[in-house]
Amino acid sequence: MKLERMDKLYIACFVILLPSVVLAAEELKPQLITTEKNDYFGYLKEFNGFKCQARGTNLKYSWRHNDFVINDGYIIKYPEHNASTLQPIVRNIDLSYQGDYQCFVTNSIGTIFGRKASVKFTVVGNFHIGQNEIRTVDAELGKPFVLHCPTHFLSQKVQYFWKYESPDSRKHLPPDANYFVTNNGTLYFSILNQKNVDFINNNGGIFCEQEAEPEGAASTARRSHRIKLRPSGSEANKVYQKPQIKTILSDHTIESKSDNSDKLVLKCGAIGYPVPDLKWYRVDSVTNADKEIKESSHYKLSRFNQVLEITNVAPDKAGKYKCVATNVRNKQVAKDEASGAVKVAGK
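Residues numbered from 1 in each chain as written. Predicted model: local features only at pLDDT ≥ 70, side-chain atom pairs only at ≥ 80, totals over all residues. Heavy atoms only, no water.

S.K.: Tell me about the packing of aromatic side chains, and name the residues and values.
M.R.: Per the counting criterion, the structure on display carries 13 aromatic pairs. Seen from their ring centres, Tyr 40 and Phe 47 are 5.0 Å apart, and the 50° between their planes marks the pair as tilted. Residue Tyr 40 is classed as buried on the basis of its relative accessible area, which comes to 18%. Residue class for Phe 47 comes out buried when judged on its relative accessible area of 1%. Between Phe 180 and Tyr 188, the ring centres sit 5.4 Å apart and the planes meet at 15°, which makes this aromatic pair stacked. (Phe/Tyr/Trp six-rings, centres within 6.5 Å; stacked < 30°, edge-to-face > 60°. Buried < 20%, exposed > 50% of the residue type's maximum accessible area, 1.4 Å probe, protein only.)

Take a look at the structure:
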C-alpha cells in the first residue's frame, strides 16, 4: 500500500511539471544577435541594405534609422516575409537615407539590439563647366597664388588631385615644395614663379580631378576644364612671409585589421617665403615631448614631407601627430604647426 501511494504521488508531480517545460520551449529570450560587421561608404545606387539575425523563439524584428523607427514612410524597409533584412524596396533613395541603422529583436521575454551601422554614400559630382573648355586666369608672379577646384555638384568621400594631360595619359603635377593640394582640392603656391607658369601653360593647362574608389566597387573619376595662367609682375617682388599651414589635420579613427594591412595618409602644406620646410612629429602621450618621424618601415614621407603615410596601422600607432612648418629670416626661425589625433580600434 505504501508503495502504491508513492507511485501516484510521483505521477501527479510529473503531470504538474510538464506544462512549465512546454511553456519554456515556446518562448526563449532572444540571443546571439549578428549584424553587418562593416559600415557602408559605397555608391548610393549599389546600397543593398543590412542583415540582422538572432536566435530565440517568437522573434519580432524592427529597425531604426538615426534612432527613429523605420515605418511605411521609408523607401528603405524590411520585407514582410523576412523582417531581419533591411533593403531598398525601390532604387530612388537619396542622401537623406544616410546615417546610422540599428536592428532590434524582441519577444515577450526581452529585447536585444545589434551594433549601429553607419551609411555615408560616395558621390562624385559633375563639374559645371565641360572638361573640353580652357579658361585663362590672371596670376601675379612673386606672390602667393591659389587655384580653387572649379565648381561642381555635391561630392563626398572623394579625393582631389590636380593633373595635366600628357600625350599618353593624365598625370599628377610633379612633386614640388612650392605647391600642394588640400583635402578640398585647393591648389596653393607659396610663391608663384615663372617655372610653375611655364610648366602649366606648356602642357596645355591643368585641371582638377575628383576620384573615388569605395572598397569593393569600381573607381569613378571626373575632371574639370583646363586652366592656363596669364602672368604679370616679377619674381623680384617676393617679400618675406611667415609660414602658414593651410591644410587641416583632422582627428582620425581607423579600425585595424588582424594582419595590420591598414594604412593612413596625413597631409600637410604651408605657404610662406622662403618656402617653408616641413617636419612631422609624434607626441609622446606621457611626457608630451615631440619625436621627429623619419622614413622607415612604419612611416613613409613623400612630396617634400607634405605627405605622411602611416603603414601597418595597429594600436601602437595611435596618438597625436604634429606637422611643423618653419622658415628663417635674419637667423630668426618662424614656425606654424598643426596636429591631429589618430585612434586605432580593433575589430
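S.K.: Tell me what's going on with unusual backbone geometry, and back it up with residues and numbers.
M.R.: The amide bond that connects Tyr 273 to the next residue, Pro 274, takes the cis arrangement and shows omega of 0°. Position of Pro 274 among the secondary structure elements: in the loop between β22 (270-273) and β23 (277-283). Located in the positive-phi region is Asp 67, a residue other than glycine, with phi close to 70°. Positive phi, close to 50°, is recorded for Arg 303, a residue that is not glycine. The residue Arg 303 is located in the loop between β25 (299-302) and β26 (307-310) in this model. Look at Arg 303 and you get partly exposed, because its relative accessible area is 30%. (Helix = DSSP H or I, 4+ residues; strand = E, 2+ residues; numbered from the N terminus.)

S.K.: So what about the sheet that holds strand β11 (residues 145-147)? Which residues, and what values?
M.R.: Ordered in space as β11-β15-β14, the three strands form an open sheet in which the pairing is antiparallel. Edge positions in the open sheet fall to β11 and β14 (179-181), since each of these has one partner strand only. With direction set aside, neighbouring strand axes in the sheet form an average angle of 15°. The sheet contact formed by β14 and strand β15 (residues 187-189) spans three bridges and is antiparallel. From the neighbouring strand, Phe 180 faces β15, where its bridge partner is Tyr 188. (Pairing = 2+ DSSP bridges. Axes fitted to C-alpha atoms, helices over the stretch in contact; angles between N-to-C directions.)

S.K.: Describe in detail the sheet that holds strand β5 (residues 76-77), supporting the description with residues and values.
M.R.: Here four strands make up an open sheet; going across it, the order is β1-β2-β6-β5 and the pairing antiparallel. With partners counted over all chains shown, the strands left at the sheet margins are β1 (31-35) and β5, one partner each. Alignment of strand β2 (residues 50-55) against strand β6 (residues 85-88), held across two bridges, turns out to be antiparallel. When the bridges of β6 are listed, Lys 51 appears paired with Thr 85.

S.K.: Tell me about the state of the cysteines, and please be specific about residues and values.
M.R.: The term disulfide refers to a covalent linkage connecting the sulfur atoms of a pair of cysteines. Using the criterion set out here, one finds three disulfides in the structure. One disulfide in the model links Cys 52 with Cys 103; its S-S distance is 2.1 Å. Residues Cys 52 and Cys 103 are joined by a disulfide whose S-S torsion is about -70°; by sign, that bridge is left-handed. Of this pair, Cys 52 sits in strand β2 while Cys 103 sits in strand β7 (residues 99-106); the two residues are 51 residues apart in sequence, bridging distant segments of the chain. Comparing Cys 52 with Cys 103, the two get one shared label, buried. With a sulfur-sulfur separation of 2.0 Å, Cys 268 is cross-linked through a disulfide to Cys 323. Because the sign of the S-S torsion sets the handedness, a value of about -80° for the bond joining Cys 268 and Cys 323 places this disulfide among the left-handed ones. Of the two residues, Cys 268 is situated in the loop between β21 (264-267) and β22 and Cys 323 in strand β27 (residues 319-329); the sequence distance between them amounts to 55 residues. Neither Cys 268 nor Cys 323 differs from the other in exposure class; each is buried. Shown here for the protein is a disulfide pattern of 1-2, 3-4, 5-6, where each number marks a bonded cysteine counted in sequence order. (Disulfide = S-S within 2.5 Å.)

S.K.: With reference to specific residues and values, describe the pattern of salt bridges.
M.R.: Summed over all chains, the structure comprises twelve salt bridges. When the shortest N-O distance is used, the salt bridge between Arg 170 and Glu 209 registers 2.5 Å. With Arg 170 in strand β13 (residues 170-172) and Glu 209 in strand β16 (residues 206-212), this pair connects stretches of sequence that are 39 residues apart. The class for Glu 209 is buried, based on a relative accessible area of 2%. The residue Lys 335 makes a salt bridge to Glu 337 at a minimum N-O spacing of 3.8 Å. By sharing partners, the salt bridges in this structure join Lys 163, Arg 170, Glu 209 and Glu 211 into a single network. (Salt bridge = Lys/Arg side-chain N within 4 Å of Asp/Glu carboxyl O.)

S.K.: Give a detailed account of the environment of Leu 278, specifying residues and quantitative values.
M.R.: With respect to the helices, strands and loops of the structure, Leu 278 is situated in strand β23. For Leu 278 and Ile 245, which are 33 residues apart along the polypeptide, the C-alpha to C-alpha distance reads 9.9 Å. For Leu 278, the residues in contact, after removing those within four places along its chain, are Cys 268, Ala 270, Phe 304, Asn 305, Gln 306, Cys 323, Val 324 and Ala 325. (Contact = heavy atoms within 4.5 Å.)

On their own, these measurements won't tell you what the molecule is for.
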